[in-house]
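Listed here are the chains, written in short residue letters.
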Amino acid sequence: MSAKIKYFLISFFLIITTSSHALDLRYGRGDFKINASIAPLISGNMKFNIDTWTLSQPHSNIGKSPVFYSVRFDYFESGFVNQITDFASLPLTTPFPATGQSIDDLIDQYTPVPVPADYRIHGTNLDISLGYDFIKNNQGFLGLGINTGLSLPFMKTRNLQSDANLVLDLLDTFETEIRTWKIGPVLHAGFKPTNGLSLRGLAAWNYQTGKLDNNFLGSGIQIDGDYLTLDLNAQLHLAELLQNTGWLNRWYVTGGYAYSKWDYDDTTVNILSNSISIPRVLDMDYSHTNLYLGLGYQF
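Just so it is clear, the model here is predicted, and its values are computed rather than measured.

Student: Hey, could you run me through the environment of Val186 in this one?
Tutor: Residue placement: Val186 occurs in strand 7 (residues 176-194). The buried category is assigned to Val186, whose relative accessible area is 1%. Spatially, the C-alpha atom of Val186 lies 4.1 Å from that of Ala204, the residues being 18 residues apart in sequence. Excluding residues within four positions of it along the chain, Val186 makes contact with Ser129, Gly143, Leu144, Gly145, Ile146, Asn147, Leu202, Ala203 and Ala204.

Student: Sorry if this is basic, but what is going on with a nonpolar patch on the surface here?
Tutor: Taken together, the side chains of Leu23, Leu25, Tyr27, Trp53, Leu55, Phe73, Tyr75 and Phe299 define a hydrophobic patch exposed on the protein surface, amounting to about 760 Å² of accessible area. Where the nonpolar patch is concerned, the elements lending two or more residues are strand 1 (22-39), strand 2 (42-61) and strand 3 (67-77). The biggest single contributor to the nonpolar patch is strand 1, with three residues. Here Leu25 shows up in strand 1. The exposure class of Leu25 is partly exposed, given its relative accessible area of 45%.

Student: What is the right way to read the nonpolar core from this model?
Tutor: One broad trend across soluble globular proteins is that nonpolar side chains are buried collectively. In this structure, Phe32, Ile34 and Phe48 are the most contacted members of the largest nonpolar core, which totals 22 residues. At the level of elements, strand 1, strand 2, strand 5 (113-137), strand 9 (218-237), strand 10 (251-273) and strand 11 (276-298) are the ones that each hand at least two residues to this core. Phe32 has contacts with Met46, Lys47, Phe48, Ile50, Phe76, Ile121, Trp262, Tyr286, Ser287 and His288, leaving out every residue within four places of it along the chain.

Student: Looking at this model, I keep getting lost on the pattern of salt bridges. Mind explaining?
Tutor: If charged atoms from side chains of opposite charge come close, those side chains can pair. Scanning all chains against the criterion turns up nine salt bridges. As a salt-bridge pair, Arg26 and Asp231 come within 3.1 Å of each other at their nearest N and O atoms. Of this pair, Arg26 sits in strand 1 while Asp231 sits in strand 9, and the two are 205 residues apart along the sequence. Under the relative-accessibility criterion, Asp231 is labelled buried at 3%. Here Arg29 makes a salt bridge to Asp51, at a shortest N to O gap of 2.5 Å. Note that Arg29 is positioned in strand 1 and Asp51 in strand 2, a separation of 22 residues in sequence. For Asp51, a relative accessible area of 24% corresponds to the partly exposed category. Among the charged side chains, a network of salt bridges with common partners joins Asp24, Arg26, Arg72, Asp74, Asp127, Lys182 and Asp231.

Student: Sorry, what's going on with the packing of aromatic side chains here?
Tutor: Taken as a whole and judged by the stated rule, the model has eight aromatic pairs. Consider the rings of Phe32 and Phe76, whose centres lie 5.4 Å apart with planes at 25 degrees: the pair is stacked. One end of the pair, Phe32, is in strand 1; the other, Phe76, is in strand 3, and 44 residues separate them in sequence. Comparing Phe32 with Phe76 shows no difference in burial state: the two are buried. Among the aromatic residues, those joined into a cluster by ring pairs are Phe32, Phe76, Tyr227, Trp262, Tyr264 and Tyr286. The ring of Tyr227 has Lys182 lying over it, and the distance from NZ or CZ to the ring centre is 4.0 Å.

Student: Explain the side chain of Asn147 here, please?
Tutor: You can see Asn147 is positioned in strand 6 (residues 140-158). Only 2.9 Å separates the side chain of Asn147 from the side chain of Ser129, close enough to count as a polar contact. Polar side-chain contacts of Asn147 include one of 2.8 Å to the side chain of Asn206. In this view, Asn147 contacts Asp127, Ile128, Ser129, Lys182, Ile183, Gly184, Val186, Ala204, Asn206 and Tyr227; residues no more than four positions away in its chain are not counted.

Student: Help me understand the environment of Thr176 in this model?
Tutor: Residue placement: Thr176 occurs in strand 7. Judged by its relative accessible area of 4%, Thr176 falls in the buried class. It is 5.7 Å that separates the C-alpha atoms of Thr176 and Phe154, two residues lying 22 residues apart in sequence. If we skip the residues at most four places from it in the chain, Thr176 touches Pro153, Phe154, Met155, Leu212, Asp213, Asn214 and Tyr286.

Student: Can you help me understand the pairing of strand 7 in this one?
Tutor: Along any regular strand the residues' side chains alternate between the sheet's two faces. The pairing of strand 7 with strand 8 (residues 197-214) spans 15 bridges and is antiparallel. The residue bridging Phe191 from the neighbouring strand is Leu199, located in strand 8. Hairpin connection from strand 7 to strand 8: two residues lie between these consecutive antiparallel strands, with Gly196 at a positive phi of about 95 degrees.

What counts, and at which threshold
- Residues numbered from 1 in each chain as written.
- Predicted model: local features only at pLDDT ≥ 70, side-chain atom pairs only at ≥ 80, totals over all residues.
- Heavy atoms only, no water.
- Helix = DSSP H or I, 4+ residues; strand = E, 2+ residues; numbered from the N terminus.
- Buried < 20%, exposed > 50% of the residue type's maximum accessible area, 1.4 Å probe, protein only.
- Contact = heavy atoms within 4.5 Å.
- Patch = residues over 30% accessible without salt bridge, like charges linked within 9 Å, V, L, I, M, F, W, Y side chains within 5 Å.
- Areas by Shrake-Rupley, 256 points an atom, 1.4 Å probe, with all protein chains shown as cover.
- Salt bridge = Lys/Arg side-chain N within 4 Å of Asp/Glu carboxyl O.
- Core = buried A, V, L, I, M, F, W, Y, C linked by side-chain atoms within 4.5 Å.
- Phe/Tyr/Trp six-rings, centres within 6.5 Å; stacked < 30°, edge-to-face > 60°.
- Lys NZ or Arg CZ within 6 Å of the ring centre and 35° of its normal.
- Polar contact = N/O pair within 3.5 Å; in protein donor to acceptor, adjacent residues only side chain to side chain.
- Pairing = 2+ DSSP bridges.

Here's what the structure looks like:
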């Protein structure tokens, strides 16, 4: 991470820690999907059931100004679960280094190949927004700002079958870590239809850039692309609903739906075959959906 990015993050956290208004903890269940291909070698997709813990500072204004900020930190993890994944091998005459055979030799027998194996995905995602409310009143708000942050998804496999074929030889080394930084516009909106209920949402589209490490493809591979996130939720303010001015006054319940997608541009990777480095095109995207419930506290 560059010195400018570190300075920005440190400065931003100093701002929010001196003007924090609310904090909520959420737990959610959803899916994590991966689509990947190395043309013309393989293509495949995976889908995981995933648990997500989120610590969120929702949209809050700094003092009485229209300047707002928000922070969302996600930790997601699938645990080791058995998945059936179809990898489709496309014709290629170059012998694959792990088998000594070309994909043409294997295509009739192994396309597509259902491969049982244990997969695990886990990682973190941080989104930080800073912006300005163009509409702000007792009924709601509408603001536009800049979103930035870091994404660190990681995937690995274990307990693979020992059959020596193209797909399993590839999967046996399929351990991938991605580190990306993102920045771009974000839209925040909120509406209070009735006493005790608030509806909120944010949508961001960001440019992202970073590195990919894979013990089959190599380390430090430059990747760029787009990051999209959408978060829609409702807040129930217990004190207002129950007309209680006691200890419930600062607590609220939240629930909603969150979606994030990391779409990476095509990038060239080098695969070694018979001591010859062959360039291939890597294309992939990740997506994360999450239905959640949480409890929040206003400071």
